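# Results of the structural survey
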Amino acid sequence: MTGPASPARPNAVKSADRTVELLEVLSSSDRPLTLTELHRELSYPKSSLYMLLQTLVARGWVELDQTRGTYGIGVRALLVGTSYLDHDPVVQVAIRVMEQVRREINETVHLARLDGADVVYLASRESEHHLRVVSRVGRRLPAHSTSLGKALLAARAPAEVDSILPARLVPLTQNTIVERPALHAQLAGFRAVGYAHEREENTPGLGCFAVALPYRNPVLDAMSCSVPLGRLDQDHERQVIEALLHGARTITELLRQFGR
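Numbers given for residues are sequential positions, taken from 1 along each chain in its written order. A pLDDT threshold of at least 70 governs which residues receive local features in this predicted model, and a stricter bar of 80 or more applies before side-chain atom pairs are shown or counted, although totals over entire chains, interfaces and linings include all residues. Water and hydrogen atoms play no part in the side-chain values, which are based on all heavy atoms of the structure.

## Concerning the layout of surface pockets
The criterion, for reference: Computed over the protein atoms alone on a 1 Å grid, cavities are sets of points where a 1.4 Å probe fits but cannot get out and pockets are open sets with protein on both sides within 12 Å along at least five of seven lines; a residue lines them when it has an atom within 4 Å of a point. Grid points are joined across faces, edges and corners, and a volume is the space filled by probe spheres set on the points. Secondary structure elements are taken from DSSP: a helix is a run of H or I of four residues or more, a strand is a run of E of two residues or more, and numbering for both begins at the N terminus. Classification convention: Asp, Glu, Lys, Arg as charged; Ala, Val, Leu, Ile, Met, Phe, Trp, Tyr, Cys, Pro as nonpolar; all other residues, Gly among them, as polar.
By volume, the second largest pocket amounts to about 250 Å³. In terms of lining, the second largest pocket is formed by 17 residues, of which the most central are G194, Y195, V211, A212 and P214. Among the secondary structure elements, those contributing two or more residues to the lining of the second largest pocket are helix 6 (147-154), helix 8 (180-193), strand 8 (206-212) and helix 9 (234-257). Ranked by residue count, the leading element in the lining of the second largest pocket is helix 9, at four residues. Broken down by class, the residue content of the lining of the second largest pocket amounts to 13 nonpolar, two polar and two charged.

The following block contains the structure:
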């Protein structure tokens, strides 16, 4: 669990700033939290925090488990998040192309956006092989550990990469590259070939390939394909890379036509 996203800006409205920080803490936690835990995390006056929670519970942004006395993110947050995806022009264009890529290679295809040092998943199209029922949409992962993030970092100069990433790179698996010189060398190779890849840096048993969507500067979005290593021979790898590169060109051309 992490603390508040950032201190209040000088011109921030305190109540609004506290509301956002509270929702961010609840959304990043892997379990509902008690009032005491939230107070410890946020350091707000306990009475003010309680009143804020009551307001958010009444509005559906926070859910209260009265039996356990814990608070979790509410359904209203889901509705607003879904609205974001419904109105995002990149998502609306990309999902049609992602479906074509998925049909062509029959592997899971993702769209994600760089947000600070993380990537946030915006859309997924699952392969017919895939049995997982929990979507990654709305989830975030460290950019340095994913092919999506690596593709977006590779679109930036090394100095900018260093300014984006935290001082310490946390491994998600034993294969995650966390030494900065090694990561920079990897990104330089990705810049040269025009796509990124990783094997088991994010999820054991999976390889992943990704391409950035350079329809705007700086590049914020990328598309990827994840493949179980048992299916990842050289021919299939070539097929996946070609499909991603072609799909990225198509999305970029469409977005530029629409003036996005």
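## Examining empty space enclosed by the protein
Counted by the stated rule, this structure contains one cavity of 30 Å³ or more. Looking at the largest cavity, its volume works out to about 100 Å³. Forming the walls of the largest cavity are 14 residues, and the residues nearest its centre are R136, E198, N202, C208 and S226. Of all elements in the fold, only helix 6, strand 8 and strand 9 (221-228) reach the threshold of two or more residues within the lining of the largest cavity. Tallied by class, residues from the lining of the largest cavity come to four nonpolar, eight polar and two charged.

Function cannot be inferred from these measures alone, as they are strictly geometric.
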